[in-house]
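Residues per chain, in single letters:
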Amino acid sequence: MASHPTTSLPWPDARRAVHAAGAAAMRAPVTVPLVEAEGLTLAEPLTARAPMPAFPTSSVDGWAVRGAGPWRITGQVLAGSPAPALTTDGTCVEIATGAMVPTGASVIVRVEDSTVSGDEVTGEARAPHEWRDIGEEAAGGEELMPAGTRINPAVLGLAASAGHDVLRVHKAPKVATLVFGDELLVEGVAGDGRVRDALGPQVPAWLRRLGAEALPPVVPVPDTLDAHVDALKKALDGGADLICTTGGTMHGPVDHLHPALKELGAEYVVNTVEVRPGFPMLVAALPGGRFVCGLPGNPQSAVVALVTLVMPLLAGLVGAPVPPLGTVTLGAEVPGRGGHTHLALVRRDPADGLAYPLPHANSAMLRGLARAIGFAVVAPDTTGTPGASVPLVALP
Ligand SMILES: Nc1nc2c(c(=O)[nH]1)N[C@H]1C(S)=C(S)[C@@H](COP(=O)(O)OP(=O)(O)OC[C@H]3O[C@@H](n4cnc5c(N)ncnc54)[C@H](O)[C@@H]3O)O[C@H]1N2
Ligand code: MOO
């Protein structure tokens, strides 16, 4: 590894490069029961194991009738039982919502549209017919969700409906957080040159939202090369697939990240990105398909690095696509940052739906971030003008 290479990448290229590196290091999928699958990622497309629905299913309570009325009641079919066929015109069965529609039924008359006298029913059916046809939602074998889908509660429900008891998934990558800096306090108020650690509390929380299994942060890792190397090795011994470090990405007197990476034999995937704030961010690959992501120490810059590098890297590791960007329409001018991409904190105004830049958005500040929906992306050598549609990196 060269010392201090500054092969700075444009912001879109950096996202793609780390995603590709993650995808190349993807682990083998595992099989888990549905109850353990929430938040994990589908390793195979989710398919319907049978037509959905598997049988014609009444969508109302009423009468499944055959032929023209009036209809003589010959029985009842409830949800959960097979339905005997209706074989004679002028007959009907009482049917419950969710019950299997008997073969031979012409229509279903709703209970509220019917009159019963003795064992005879009269009434009128509504159009279109009041049942769900076999395979109306999906044919047997049809793909419902692609591989790479993050399993949310709705996907879990869909998988169950589609007949799955277990799923092939990519497990959540294990991610360690190492917070560098002798100036950091882990409690109380800043003063006398010391500042409160603002990253130990938030980085693991962002990581969990990105689908990682976040290990408890190590805070602070002392500002010596030995302590950095030791902490990185311990995290690897602890099974981390990715180690997020904070601070020390530059080359100041106590910035030891680059020398520590060199000692571990790491290879840069990305070393600095043409983005403001946060340009000194990096991702380095370690032997065995593991990674270190260096988040800059300025707290907002660290979050810019999380969404720029960690988000696509984690996506690659679990076989998900490069996280797509959203779009916002700007309500006010957002300046560019020269030849760099500007990730500008924005809020969305509930009155006009437009995105406005936030105050207190300096890279050392978190006040703007705490009110933001995400970062508007202002391309190099441009200005975000009011009314312009620009990409949005939504906060996870
Ligand atoms: N000579 C130059 N110096 C700096 C440059 C530059 O271009 N030339 N760039 C600046 C930029 S931009 C950034 S970003 C920082 C990145 O620095 P490091 O990643 O090496 O971070 P540190 O020096 O350790 O810390 C920077 C800043 O952030 C505070 N910090 C660090 N960790 C935390 C934490 N967990 N919670 C709260 N605050 C934290 C730290 O006290 C510093 O104030 O480099 C600039 N320098
Ligand atoms: O790039 Mo630094 O992250 O602007 O503060």
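Residues numbered from 1 in each chain as written. Chains lettered and ligands numbered in written order. Predicted model: local features only at pLDDT ≥ 70, side-chain atom pairs only at ≥ 80, totals over all residues. Heavy atoms only, no water.

**What about the layout of surface pockets?**
Okay, step 1: Taken as a whole, the largest pocket spans an internal volume of roughly 360 Å³.
Okay, step 2: Sorting elements by how many residues they give to the lining of the largest pocket places helix α6 (residues 299-317) first, with three residues.
Okay, step 3: Here the residues of the lining of the largest pocket are counted per class, giving 14 nonpolar, five polar and three charged.
Okay, step 4: Both domain 1 (9-27 + 171-317) and domain 2 (31-51 + 136-170) contribute no fewer than three residues apiece to the lining of the largest pocket.
Okay, step 5: Its boundaries defined by the atoms lining it, the second largest pocket holds a volume of some 290 Å³.
Okay, step 6: Lining the second largest pocket are 18 residues, with F180, E183, L184, G247 and G297 sitting closest to its centre.
Okay, step 7: Of all elements in the fold, only β15 (174-180) and β17 (195-196) reach the threshold of two or more residues within the lining of the second largest pocket. (1 Å grid on protein atoms, 1.4 Å probe; cavity = no way out; pocket = protein on both sides within 12 Å on 5 of 7 lines; lining within 4 Å. Points joined across faces, edges and corners; volume = space filled by probe spheres on them. Helix = DSSP H or I, 4+ residues; strand = E, 2+ residues; numbered from the N terminus. Nonpolar A, V, L, I, M, F, W, Y, C, P; charged D, E, K, R; others polar. Domains from an automatic or database assignment.)

**Notes on the pairing of strand β24 (residues 290-295)**
Okay, step 1: Burial runs high along β24: five of the six residues are buried.
Okay, step 2: Relative to β24, strand β20 (residues 242-246) is paired through five bridges, and the arrangement is parallel. Note that in β24 the partner of L242 across the bridge is F291.
Okay, step 3: Pairing analysis gives five bridges linking strand β23 (residues 282-286) to β24, with the strands arranged antiparallel. Across the sheet, the residue bridging to A285 is F291, located in β24.
Okay, step 4: From the end of β23 to the start of β24, which pair antiparallel, there are three residues, and G288 there has a positive phi angle of about 90°. (Buried < 20%, exposed > 50% of the residue type's maximum accessible area, 1.4 Å probe, protein only. Pairing = 2+ DSSP bridges.)

**Notes on the UniProt feature "domain: MoaB/Mog" (unreviewed entry) in the chain**
Okay, step 1: In the numbering adopted here, UniProt assigns the feature "domain: MoaB/Mog" (unreviewed entry) to residues 176-316.
Okay, step 2: Between the first and last C-alpha atoms of residues 176-316 the distance is 18 Å; the span itself is 32% helix and 28% strand. (UniProt positions renumbered as here; feature names shortened; annotations may be inferred.)

**Re the pairing of strand β6 (residues 62-65)**
Okay, step 1: Two strands pair when backbone bridges link them, and β6 and strand β8 (residues 91-95) are joined in this way by four bridges, in the antiparallel orientation. Counterpart to G62 in the pairing with β8 is I95.
Okay, step 2: Sheet topology note: the β6/strand β9 (residues 107-110) ladder contains four bridges and is antiparallel. Residue pairing for β9: W63 is matched across the bridge by V109.

**What to know about the nonpolar core**
Okay, step 1: Ranked by size, the top nonpolar core spans 44 residues in total, and within it L207, V310 and F375 carry the most contacts.
Okay, step 2: Among the elements of the structure, α1 (11-24), α3 (203-209), β20, β22 (273-276), β24, α6, β26 (341-348) and β28 (374-378) are those that each provide at least two residues to this core.
Okay, step 3: Ranked by the residues each element gives to this core, the list is headed by α6, at twelve residues.
Okay, step 4: Of the domains in this structure, domain 1 (9-27 + 171-317) and domain 4 (326-394) are the two that each give at least three residues to this core.
Okay, step 5: Beyond its immediate chain neighbours, meaning those up to four positions away, L207 contacts V175, T177, A212, A214, C244, L306, V310 and L314.
Okay, step 6: Listed in part, the 22 residues of the second largest apolar core include F180, A227, A260 and L286. (Core = buried A, V, L, I, M, F, W, Y, C linked by side-chain atoms within 4.5 Å. Contact = heavy atoms within 4.5 Å.)

**Description of the site of ligand 1**
Okay, step 1: Not every one of the 18 residues close to ligand 1 is listed here, only the nearest: E183, D197, A198, T249 and G297.
Okay, step 2: Measuring from an oxygen atom of ligand 1, one finds a backbone N or O atom of M250 at 3.0 Å.
Okay, step 3: Relative to its unbound accessible surface of 870 Å², ligand 1 loses 64% to contact with the protein.
Okay, step 4: A per-class count over the shell around ligand 1 returns eight nonpolar, six polar and four charged. (Near = heavy atom within 4 Å. Polar contact = N/O pair within 3.5 Å; in protein donor to acceptor, adjacent residues only side chain to side chain. Areas by Shrake-Rupley, 256 points an atom, 1.4 Å probe, with all protein chains shown as cover.)

**Some details on the pattern of salt bridges**
Okay, step 1: For the coordinates displayed, the defined rule picks out eight salt bridges.
Okay, step 2: One salt bridge connects E44 with R168, and the closest N-O pair in it is separated by 3.7 Å. Here E44 is found in the loop between β3 (41-42) and β4 (46-47), whereas its partner R168 is found in strand β14 (residues 166-170), with 124 residues between them in sequence.
Okay, step 3: Residue E112 pairs with R110 through a salt bridge whose shortest N-O separation is 3.4 Å.
Okay, step 4: Each of the salt bridges in this network shares a partner with another, and the network as a whole consists of R110, E112 and E130. (Salt bridge = Lys/Arg side-chain N within 4 Å of Asp/Glu carboxyl O.)

**Considerations on the domain arrangement of the chain**
Okay, step 1: Annotation of the chain at the domain level lists domain 1 (9-27 + 171-317), domain 2 (31-51 + 136-170), domain 3 (57-132) and domain 4 (326-394).
Okay, step 2: Just the C-alpha atoms count here: the centres of domain 2 and domain 4 sit 36 Å apart.

**Looking at the packing of α1 against α6**
Okay, step 1: At a minimum axis separation of 7 Å, α1 and α6 run at an interaxial angle of 30°. As the angle between them shows, α1 and α6 are arranged roughly parallel. Considering the relative orientation of α1 and α6, their crossing is right-handed. Contacts from W11, A14, R15, V18, H19, G22 and A23 of α1 reach α6 at T308, L309, P312, L313, A315, G316 and L317.
Okay, step 2: Tallied by class, residues from the contact of α1 with α6 come to nine nonpolar, four polar and one charged. (Axes fitted to C-alpha atoms, helices over the stretch in contact; angles between N-to-C directions. Parallel < 35°, antiparallel > 145°, perpendicular 65-115°, else oblique. Left-handed = near helix turned anticlockwise from the far one by under 90°.)

**Brief notes about α6**
Okay, step 1: The terminal C-alpha atoms of α6, which comprises 19 residues, lie 25 Å apart, in line with the 27 Å expected from a rise of 1.5 Å per residue.
Okay, step 2: The sharpest bend along α6 reaches about 35° and sits at L306.
Okay, step 3: Just past α6, the residue G319 takes up positive phi, approximately 75°. (Expected span 1.5 Å × (residues − 1). Bend = angle between axes of the 7 residues up to and from the residue.)

**Overview of the sheet that holds β9**
Okay, step 1: Read across the sheet, six strands follow the order β9-β6-β8-β7-β11-β10 without closing on themselves; strand pairing throughout is mixed. What marks the edges here is a single partner per strand, and that holds for β9 and β10 (114-117). Neighbour-to-neighbour, the strand axes of the sheet open up by a mean angle of 40°, direction not taken into account.
Okay, step 2: Here β10 runs beside strand β11 (residues 120-123); their pairing, made up of four bridges, is antiparallel. Residue pairing for β11: V116 is matched across the bridge by V121.

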